[in-house]
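# Chain and residue survey
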Amino acid sequence: MNIQKLLKQADTDDQRTLNERESKQLLKSYGVPVVREMTAHDTKTALASAEKIGFPVVVKGFGATLQHKTERGLVHLNLWDARAVTAAVTSIMEEAGEELEGILVQPCLAGRREFVAGLFRDKVFGPVIMFGVGGVLTEALQDVVFRLAPLAPADAQEMLNKIKAQSLLGAFRGESAVDREEIKRILLGLSRLAMEQPQIEEVDINPLMADAAGEITAVDALVCLGGGNKITTTTLPVDFHRINRFFYPESIAFIGASSNIGKWGYLLPLSSMSWEYKGKIYMVNPTGGTLLGQDCYQRVTDIPGPVDLAVVTIPAARVLELIPQLKAKGIKNMLIITSGFREIGDAGDVLEKSLIKEAAKAGILVIGPNTMGLCNPHIGLTCLPFPVKPRAGSTALVSQSGNMGLQFLAFAEQQCIGIRGFCGSGNEAMVTIPDFLDAFEIDPLTRIVMLYMESIRDGRRFFESATRVSRKKPVVLLKGGQSGSGKKAAASHTGAIASDARVFDAACQQAGIVQVSKSRTLLDVVAAFASQPIPQGNRIAILTLGGGWGVLTADLCSQVGLDIPSLTPDILQRIDHLLPAFWSRGNPVDIVATLGLDIPTLILEELLKWDGCDAVVNLGILGKQFFVKRVIAAARTKGLISAAENDAYLKMALGSEEKYIQAVVALIERYQKPVYGVSLYDEEKDQTIYPVGESRYKGLFYPTPARAVTAVSKMVEYGQFLKRQGAMK
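No experiment lies behind these values; they were computed from the predicted model shown.

## Topic: the overall build of the protein
- Of regular secondary structure, the protein possesses 24 helices and 31 strands.
- Restricting the contact set of the protein to residue pairs at least 6 apart, pairs at least 24 apart contribute 73%.
- Just so you have it, the protein exposes about 30500 Å², and 53% of that area is on carbon and sulfur atoms.

Following this line, the structure appears as structure tokens:
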């Protein structure tokens, strides 16, 4: 069959949908195994076809406008004789009327398992492939998986692994396991079709039937033309090497500096001066004079020295007129805090586009507008409305919400999470999230990328950049605005089931992005990546101070796909020498309220040495000091100990826990396996990360088992992605 001729003819005839026969011919040319069938146009030729194929048969009506044929009574199954075929053809002709283009006669295939496969074009991400449980209940069950085209073989394999009804793929009720390789070939064929034939809008193959031998056949298919959902949002990459200069300015001009403490022009320079930033700061305001104890210049061009970064807080209507001044001064980087652009509607959008056009002509790189600012703890710079001061570290943070970004920085400061740098991306009129990702990819100080996003301007660029970065560094993302109505199409199951959120989630999984659903979880997961090696697998050993905690944690692990392996005889024997005879002798390892920290440390080492586990969850060993304090306080109240003894006991309790954290970090370094701690009691001043000297690894302790297990599962998920990519170290 000449595919291009078929598609061109359909387009010439303004036909938006291929009929079933044409659809199958197209799909067959891309390696999809389709059911054997014959075409008829009346009862006589239908009977002849049935005789040739052999009873029982299936009879269907087909036509470009005939959709949802089962619901319209245009599909007749299990026809065993000529009378049944005649009745079926008559019924189809009456129901379809002028829409009928012909009759299809097929053998009646036997099989209990039905799948669905297809493709559609998302307006943000482009071509998307779908696979899942098929049949008439496809939309009701919605057990489907999406991935962006083009697919790699590993993507096709992962699609099979991700459907919930895994039992349907294996041996099932006396039938053989399905031919997984054939399904993967079908998905890869759909991927090629999506990339080679951009005029194809949707493909729906439902059902893909598995027979008793596990062989796969496409029984029904629909192909829609149009290309109406081609990607509509594209952005041009910027020179990501230049982004680095925003975080290392040797001089900053605050344009719109103010003496009013409630104004951004006051808060930003004040915050920048309040830390350890050693660069020069210039105030710019038409009134001149002095501001915040510094000379204030009436114009940018009046500043005597060079300026690396212009921070703009003047009204939106006046920002455009700044461009010639910045060009004359040689300022190449512009951080626009000012709002009143695209976010307010059409008028603001026009103004923003004009501004960016003129900035680009002048060679000026713009972050924003409508951004909250940036910070770089490595040089003590906090160009933010509030002087948040996180410690210098390796986590790069970009947020489309400035307020959320500030909260994350405050949490990071409180929980001892080191920050590489932060920037609010604002409207992303010029520098977008993919540009930041490109910069983080090559930045030697960035080990983890942390994102808060609410929208995507260019889904395909975001996906491609994130995929590259994820192979080298974890990208942890929280997405707001997941409740959009999404894409709704009546023509096919594939389009009807898809939504903005589901496609976005699929893109994240395929790109290796570690996606979380809560802001607290975002910090928890980043803390884990910042302090622990990546687990090599999903086998978890649990060390617990009490049995109930261990049982709860084991249940939580099972719920997220983590394995709790049984202890082997050799490790049982070694732990037998450390614990009383009545210990649980299983995983979780209950140390039966053993006092002191020496025994837990020895058992932790045995678990980390064990080849049967990839990570340890360490419950209730740290945090005893709270209860020690209570005991000491009670004894002191009763006059049983002196003030000196009180202080000595407290110092001993604190010191022993510090030594335990040091011992844990030393074991992590020695065995290169992560340890996720849960404190016995969480005091308000407690932190999540406990640095130990110059070690790359750190003590990690959460207030609850659920938060620890979530962090474990996300790191395991990322490790599995690296293994699929061949990038696990």
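Having seen the model, we can carry on.
## Some remarks on the layout of surface pockets
- Considering only enclosed or pocket space, the largest pocket measures out at about 900 Å³ in volume.
- Forming the boundary of the largest pocket are 32 residues, of which Arg-147, Lys-162, Gln-509, Lys-714 and Glu-717 lie nearest the centre.
- Among the secondary structure elements, those contributing two or more residues to the lining of the largest pocket are β8 (144-148), α6 (153-162), α17 (500-511), β25 (514-516) and α24 (705-725).
- For the lining of the largest pocket, the element with the most residues is α24, which contributes 9 residues.
- Split into classes, the residues belonging to the lining of the largest pocket amount to 13 nonpolar, 9 polar and 10 charged.
- The volume enclosed by the second largest pocket comes to roughly 730 Å³.
- Among the secondary structure elements, those contributing two or more residues to the lining of the second largest pocket are β3 (57-62), β4 (75-79), β5 (102-107), β9 (200-210) and β11 (221-225).
- Residue contributions to the lining of the second largest pocket peak at 4 residues, all from β9.

## With respect to the packing of helix α14 (residues 433-442) against helix α15 (residues 459-470)
- Here α14 crosses α15 at 20°, and the two axes come no closer than 9 Å. Accordingly, the angle class assigned to the pair α14 and α15 is roughly parallel. The handedness of the crossing between α14 and α15 is left-handed. In contact with Ile-433, Pro-434, Asp-435, Leu-437, Asp-438 and Glu-441 of α14, α15 contributes Arg-461, Phe-462, Ser-465, Ala-466, Arg-468 and Val-469.
- Here the residues of the contact of α14 with α15 are counted per class, giving 6 nonpolar, 1 polar and 5 charged.

## Here's the deal with helix α18 (residues 519-531)
- The terminal C-alpha atoms of α18, which comprises 13 residues, lie 19 Å apart, in line with the 18 Å expected from a rise of 1.5 Å per residue.
- Buried residues dominate α18, accounting for 11 of its 13 residues.
- Buried residues of α18: Thr-521, Leu-522, Leu-523, Asp-524, Val-525, Val-526, Ala-527, Ala-528, Phe-529, Ala-530 and Ser-531, and no others.

## Some points on the pairing of β5
- For β5, the tally of buried residues reaches 5 of 6 residues, placing the bulk of the element in the interior.
- Where β3 meets β5, 6 bridges bridge the pair, whose relative direction is antiparallel. Within β5, the residue paired with Val-58 across the bridge is Gln-106.

## What about the packing of aromatic side chains?
- Evaluated as defined, the whole model comprises 10 aromatic pairs.
- Considering the side-chain rings of Phe-115 and Phe-131, the 5.7 Å spacing of their centres and the 25° angle between planes classify their relative orientation as stacked. Within this pair, whereas Phe-115 is found in strand β6 (residues 113-122), its partner Phe-131 is found in strand β7 (residues 126-133), the two being separated by 16 residues in sequence.
- On the accessibility criterion, Phe-115 (0% relative accessible area) is buried.
- Exposure remark for Phe-131: the relative accessible area of 0% places this residue in the buried category.
- Its end group placed over the ring of Phe-504, Lys-479 keeps NZ or CZ at 5.1 Å from the ring centre.
- The aromatic ring of Phe-411 is capped on one face by Arg-520, whose charged end is 5.6 Å from the ring centroid.

## Considering the sheet that holds strand β26 (residues 540-544)
- Read from one edge to the other, the open sheet built from 6 strands follows the order β27-β26-β28-β29-β31-β30, with strand pairing classed as mixed. Of all strands in the sheet, those bounded by a partner on one side alone are β27 (589-590) and β30 (689-690).
- Sheet topology note: the β26/β27 ladder contains 2 bridges and is parallel. Bridge pairing links Thr-544 to Asp-590 in β27.
- Relative to β26, helix α21 (residues 598-609) is tilted by about 170°, and along the sheet it contacts β26, β27, β28 (615-619) and β29 (675-678).
- On the sheet, α24 packs against β26, β28, β29 and β31 (699-702) and is oriented at approximately 165° with respect to β29.

## Here we look at empty space enclosed by the protein
- Counted according to the given criterion, the structure contains 3 cavities of 30 Å³ or more.
- Of the voids in this model, the largest cavity is the one considered here, and its volume is about 70 Å³.
- Contributing to the lining of the largest cavity are Arg-147, Ala-154, Asp-155, Glu-158, Gln-509, Gln-510, Phe-721, Arg-724 and Gln-725.
- Classifying every residue of the lining of the largest cavity gives 2 nonpolar, 3 polar and 4 charged.

## Describing the nonpolar core
- Grouped together as the largest cluster of nonpolar side chains are 85 residues, with contacts concentrated most on Phe-125, Ile-255, Val-311, Met-334, Leu-451 and Phe-462.
- With near-sequence residues (within four places) excluded, Ile-255 lies in contact with Val-284, Val-300, Ala-310, Val-311, Val-312, Thr-313, Ile-314, Leu-322 and Leu-326.
- One finds Cys-375, Ile-448, Phe-529 and Ile-540 within the second-largest nonpolar core, a separate group that totals 54 residues.

## Quick look at the pairing of β6
- Buried residues dominate β6, accounting for 9 of its 10 residues.
- Relative to β9, β6 runs antiparallel, the two sharing 7 bridges. Residue Arg-113 lies in a different strand from β9, and its bridge partner there is Ala-210.
- In this sheet, β7 lies alongside β6 in antiparallel orientation, the contact comprising 8 bridges. Each bridged residue has a counterpart across the sheet, and for Ala-117 the counterpart in β7 is Phe-131.
- From the end of β6 to the start of β7, which pair antiparallel, there are 3 residues.

## Topic: the environment of Gly-111
- Relative to the helices and strands, Gly-111 is located in the loop between β5 and β6.
- With 102 residues separating them along the chain, Gly-111 and Ala-213 place their C-alpha atoms 9.1 Å apart.

## Topic: the pattern of salt bridges
- Counted according to the given criterion, the structure contains 33 salt bridges.
- Note that Asp-524 and Arg-520 form a salt bridge whose closest N and O atoms lie 3.6 Å from each other. Here Arg-520 and Asp-524 lie together in helix α18, a separation of 4 residues that amounts to about one turn.
- Accessibility expressed as a relative area gives 27% for Arg-520, which makes it partly exposed.
- Between Glu-606 and Lys-609 there is a salt bridge; the shortest N-O distance is 3.5 Å. Placement of the pair is Glu-606 and Lys-609 together in helix α21, with a separation of 3 residues, close to one helical turn.
- Three or more residues are tied together by salt bridges with common partners; here these are Glu-20, Lys-24, Glu-37, Lys-60, Lys-69 and Asp-220.

Conventions and cut-offs
- Residues numbered from 1 in each chain as written.
- Predicted model: local features only at pLDDT ≥ 70, side-chain atom pairs only at ≥ 80, totals over all residues.
- Heavy atoms only, no water.
- Helix = DSSP H or I, 4+ residues; strand = E, 2+ residues; numbered from the N terminus.
- Contact = heavy atoms within 4.5 Å.
- Areas by Shrake-Rupley, 256 points an atom, 1.4 Å probe, with all protein chains shown as cover.
- 1 Å grid on protein atoms, 1.4 Å probe; cavity = no way out; pocket = protein on both sides within 12 Å on 5 of 7 lines; lining within 4 Å.
- Points joined across faces, edges and corners; volume = space filled by probe spheres on them.
- Nonpolar A, V, L, I, M, F, W, Y, C, P; charged D, E, K, R; others polar.
- Axes fitted to C-alpha atoms, helices over the stretch in contact; angles between N-to-C directions.
- Parallel < 35°, antiparallel > 145°, perpendicular 65-115°, else oblique.
- Left-handed = near helix turned anticlockwise from the far one by under 90°.
- Expected span 1.5 Å × (residues − 1).
- Buried < 20%, exposed > 50% of the residue type's maximum accessible area, 1.4 Å probe, protein only.
- Pairing = 2+ DSSP bridges.
- Phe/Tyr/Trp six-rings, centres within 6.5 Å; stacked < 30°, edge-to-face > 60°.
- Lys NZ or Arg CZ within 6 Å of the ring centre and 35° of its normal.
- Core = buried A, V, L, I, M, F, W, Y, C linked by side-chain atoms within 4.5 Å.
- Salt bridge = Lys/Arg side-chain N within 4 Å of Asp/Glu carboxyl O.

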